[in-house]
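Summary of structural features
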Amino acid sequence: MSNIPNPLDSILVPENKKKIKIFKKNENENCCYYKIEREDHTLGNLLHSQLLTDKNVLFSGYKKPHPLEHFIVLKIITDGKISPNEALDSSLKDIYIKLSLVEDCIKV
Amino acid sequence: MDLKINKVSNYDLGITIDNMSLSLVNALRRTMMGEIPTLAIELVKFEINTSIFHDEFIAHRLGLIPIKSEKAIDFKFTRECNCDAHCYKCACYFTLDISCDDENKSVYSTDLETKISNKNDLGSSVFPIHFSGSNKLIEKKPILISKLKPGQRIKLIGIAKKGLGKEHAKWNPVSSVKIKVFPLFYIERRYMDKQFTQKNKKELFKIISELEERTTMMKNSEIEKIDKETRNKIFFSASNLLMIVRFLIKNRMDPRKIIKKSEELNNFTVKIESTGVLTPIQILKDSIRILKQKLNFIGIHMEKKN
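These numbers were taken from a predicted model, which means no experiment stands behind them. (Residues numbered from 1 in each chain as written. Chains lettered and ligands numbered in written order. Predicted model: local features only at pLDDT ≥ 70, side-chain atom pairs only at ≥ 80, totals over all residues. Heavy atoms only, no water.)

Between helix α1 (residues 41–52) of chain A and helix α1 (residues 22–34) of chain B, the least distance of the axes is 9 Å, while the angle of their chain directions is 165 degrees. If you check the angle between α1 of chain A and α1 of chain B, you find them roughly antiparallel. Note that α1 of chain A runs across α1 of chain B; the crossing there is left-handed. Where α1 of chain A approaches α1 of chain B, its residues His41, Thr42, Asn45, Leu46 and Ser49 of chain A are matched on the opposing element by Ser23, Leu24, Asn26, Ala27, Arg30 and Thr31 of chain B. For the contact of α1 of chain A with α1 of chain B, the residue count by class is three nonpolar, seven polar and one charged. (Axes fitted to C-alpha atoms, helices over the stretch in contact; angles between N-to-C directions. Helix = DSSP H or I, 4+ residues; strand = E, 2+ residues; numbered from the N terminus. Parallel < 35°, antiparallel > 145°, perpendicular 65-115°, else oblique. Left-handed = near helix turned anticlockwise from the far one by under 90°. Contact = heavy atoms within 4.5 Å. Nonpolar A, V, L, I, M, F, W, Y, C, P; charged D, E, K, R; others polar.)

Describing an aromatic ring pair means giving the distance of the ring centres and the angle of the ring planes. Tallied over the full model, the rule gives four aromatic pairs over all chains. Just above the ring of phenylalanine 59 of chain A sits the side chain of lysine 75 of chain A; from NZ or CZ to the centre is 5.4 Å. In this arrangement the basic side chain of lysine 292 of chain B is found over the ring face of tyrosine 96 of chain A, its NZ or CZ atom lying 5.0 Å from the centre. (Phe/Tyr/Trp six-rings, centres within 6.5 Å; stacked < 30°, edge-to-face > 60°. Lys NZ or Arg CZ within 6 Å of the ring centre and 35° of its normal.)

Residues and elements named next belong to chain B. With respect to topology, four strands assemble into an open sheet ordered β3-β8-β4-β6, the strand pairing being antiparallel. Each edge of the open sheet carries a strand with a single partner, namely β3 (38–49) and β6 (113–115). Sheet twist, expressed as the mean angle between neighbouring strand axes with direction ignored, is 30 degrees. Across the sheet, helix α2 (residues 55–63) touches β3 and β8 (153–163), and the angle it forms with β3 is around 155 degrees. (Pairing = 2+ DSSP bridges.)

Take the pattern of salt bridges next. All names here are of chain A. Taken as a whole and assessed by the stated rule, the structure comprises 16 salt bridges over all chains. A salt bridge links glutamate 37 to arginine 38; the nearest nitrogen and oxygen atoms lie 3.2 Å apart. For the pair glutamate 37 and arginine 38, a shared accessibility class is recorded, and that class is buried. (Salt bridge = Lys/Arg side-chain N within 4 Å of Asp/Glu carboxyl O. Buried < 20%, exposed > 50% of the residue type's maximum accessible area, 1.4 Å probe, protein only.)

We now examine the interface of chain B and chain A. Between chain B and chain A, the residue contacts involve 34 residues of the former and 39 residues of the latter. Summed over both sides, the interface between chain B and chain A buries roughly 3,800 Å², with carbon and sulfur atoms accounting for 73% of that surface. Counting across the interface, chain B meets chain A through three salt bridges. Glutamate 39 of chain A serves as the salt-bridge partner of lysine 294 of chain B, at 3.2 Å between the closest nitrogen and oxygen. For the pair chain B and chain A, the number of links is six residue pairs in polar contact (both at pLDDT 80 or more). If you tally residues by element for the side of chain B that touches chain A, the top one is helix α10 (residues 280–305) of chain B, at 14 residues. Broken down by class, the residue content of the side of chain B that touches chain A amounts to 16 nonpolar, seven polar and 11 charged. (Buried area = accessible area lost by both parts, 1.4 Å probe. Polar contact = N/O pair within 3.5 Å; in protein donor to acceptor, adjacent residues only side chain to side chain.)

If you want it as structure tokens, here you go:
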């Protein structure tokens, strides 16, 4: 009846969609696109800037294609020494370690 | 990476963070504003409303009243609860029954009463925050909901539920988070070991004793394991820049070639102002915990794919 979209649209992943969907457009194995549902600039900017600090990553970028559709697209190109999946895994771990350091500083 | 707490109070928190990337501080700011679960009145059932304001008006005002949410972790989201509409495990109930007899009357948030079924309810320790502000400027009157003239009456039940700031701003535990960015400069360690003589190094460290502490700290810190770049750089803040430039010029070295500005890392001062719903330190801890949960969630889904 009303034009307001459901406010939980931006939070809950619907049942027919997965959280992360990997698709590769080119034949190049080192280039990979990730579509992450129900995430926004909070995680997108964090992952993208952490990937840039990795020496083996040639390109990393993210975008939120439309403000009313709640997903981000992350693109990673590596130089062949590691695969994009490994680059993403290692950057997730690095951010986790940095956050743990912040937590330890607060406790003290 | 260093964190110092400058000022703590019930509603304010000021911290300085050194040697951190802007994207991480911004991610923490965004989780503080939108992803920390708190309690706020979501549904209002009106029985009698003969006041001058219409139902939705009063319901909107009730929703924005901050409610003490330290127990919000124990509550369930209504969408995850097994009950029909809402129960004592996923919601907390407030009643308001005010009528005006002789003079004009104001309805304050102190007139809201909690309604509980037994003493062990989660809702027994949940109450609205009537007076808030920093210790010096505490307001003397509680939150004003409405005003009544003789003969008017309001009777309602308010149902408070758990939610996130992303869904509606009433669940935002923070009134503002201010971030100030300060630049960070560095000298490459290789350069210092090669070009500086032993005498120069000692003199420089005397001028800025802080610099010596930082060089030893960065060598041994855990960030070394992650970030190989920072191992080779000696960082210092803008307040020490002038003294170092003078020192370099005195020893006939070109500061423009030696000193460089860091691209990724900066110093920050962060000020968190809470509405009183949670203590600011609790907000900071929760935001770190929730960011970690998000990262874990993505990590688990990545493993499934592989």
